[in-house]
Amino acid sequence: MAAPEPLYDLVLLLDTSAPEDQRKKVLSDVESAISSSGTIVSDHDWGTRALAYEIRHRTDAEYHLLQFHG
């Protein structure tokens, strides 16, 4: 019996100060890249959350979880 395809998780943290259309484009580009050689199983928008520590003086980010087979 063949082993099941592995399920990969990708968490994107997008800058909340970036324009909305730019954040949507980044998410769309990532989804397109995954779909070109894999299958997206689920896409979860976790919304804006506080970061555990500052990244480039930012304290929050827009979180997206993409689960896929690659």
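For the structure, check the block above.
Not measured: the values here are computed from a predicted model.

Rules behind the numbers
- Residues numbered from 1 in each chain as written.
- Predicted model: local features only at pLDDT ≥ 70, side-chain atom pairs only at ≥ 80, totals over all residues.
- Heavy atoms only, no water.
- Helix = DSSP H or I, 4+ residues; strand = E, 2+ residues; numbered from the N terminus.
- Buried < 20%, exposed > 50% of the residue type's maximum accessible area, 1.4 Å probe, protein only.
- Polar contact = N/O pair within 3.5 Å; in protein donor to acceptor, adjacent residues only side chain to side chain.
- Core = buried A, V, L, I, M, F, W, Y, C linked by side-chain atoms within 4.5 Å.
- Contact = heavy atoms within 4.5 Å.

(A) Main features of the side chain of Ser-42. For Ser-42, the location among the structural elements is in strand β2 (residues 39-55). You can call Ser-42 buried: its relative accessible area is 16%. There is a polar contact of 3.3 Å between the side chain of Ser-42 and the side chain of His-44. A distance of 2.7 Å separates polar atoms of two side chains, one belonging to Ser-42 and the other to Gln-67.

(B) Focus on the nonpolar core. If you look at the biggest cluster of nonpolar residues, it comprises five residues: Leu-12, Leu-27, Ile-34, Leu-66 and Phe-68. Those residues within four positions of Leu-27 in sequence are excluded, and the remaining contacts are Leu-12, His-64 and Leu-66.

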